[in-house]
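# Chains, contacts and geometry: an overview
Each chain, letter by letter, is given below.
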Amino acid sequence: MNITLSADETIVERAREAARRQGKSLNELIREYLAHLAAPVEGARAADELFALMDEGGGRLDGRTWTRDELHER
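Our subject in this report is the structure included herewith.

Definitions and limits used
- Residues numbered from 1 in each chain as written.
- Predicted model: local features only at pLDDT ≥ 70, side-chain atom pairs only at ≥ 80, totals over all residues.
- Heavy atoms only, no water.
- Helix = DSSP H or I, 4+ residues; strand = E, 2+ residues; numbered from the N terminus.
- Rg over C-alpha atoms; globule rule 2.2 N^0.38 Å.
- Expected span 1.5 Å × (residues − 1).
- Polar contact = N/O pair within 3.5 Å; in protein donor to acceptor, adjacent residues only side chain to side chain.
- Salt bridge = Lys/Arg side-chain N within 4 Å of Asp/Glu carboxyl O.
- Buried < 20%, exposed > 50% of the residue type's maximum accessible area, 1.4 Å probe, protein only.

So, about the overall build of the protein. Across its full length, the protein carries three helices and zero strands. If you list the helices and strands of the protein from N to C, you get α-α-α. In terms of C-alpha radius of gyration, the protein reaches 22 Å, well past the compact-globule figure of 11 Å for 74 residues. The dimensions of the protein, computed from C-alpha atoms along their principal axes, are 60 × 30 × 20 Å.

Following this line, the structure appears as structure tokens:
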């Protein structure tokens, strides 16, 4: 789908420069941005499902804590 937008010439030039630095066209950069804007809906749904699973799990720590070193052990 093609869309038309209005933007200040200075902003467009700066955006083109930013796109060039990333090796992309301004069009490509805008498409990626629009895709990013649309993604949170799916991400929010996934987060809601994760929180629901966490609530259902009923896990308990029984006071257990971890040190920073334990958390970063590999």
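Here the focus is helix 1 (residues 9-21). Every α-helix carries 3.6 residues per turn, so stepping three or four residues along brings you back to the same face. Here helix 1 spans 19 Å end to end across 13 residues, near enough to the 18 Å set by a 1.5 Å rise per residue. Of the residues that open helix 1, the one with a side-chain oxygen 3.1 Å from the backbone nitrogen of Thr10 is Asp8. Looking one or two residues past helix 1, Gly23 carries a phi angle of roughly 70°, positive in sign.

In the structure shown here, the tally under the stated rule is two salt bridges. For Arg16, the salt bridge goes to Glu13, with nearest N and O atoms at 3.1 Å. Of this pair, Arg16 and Glu13 are both found in helix 1, three residues apart, which corresponds to roughly one turn of the helix. Overall, the relative accessible area of 37% leaves Arg16 in the partly exposed class.

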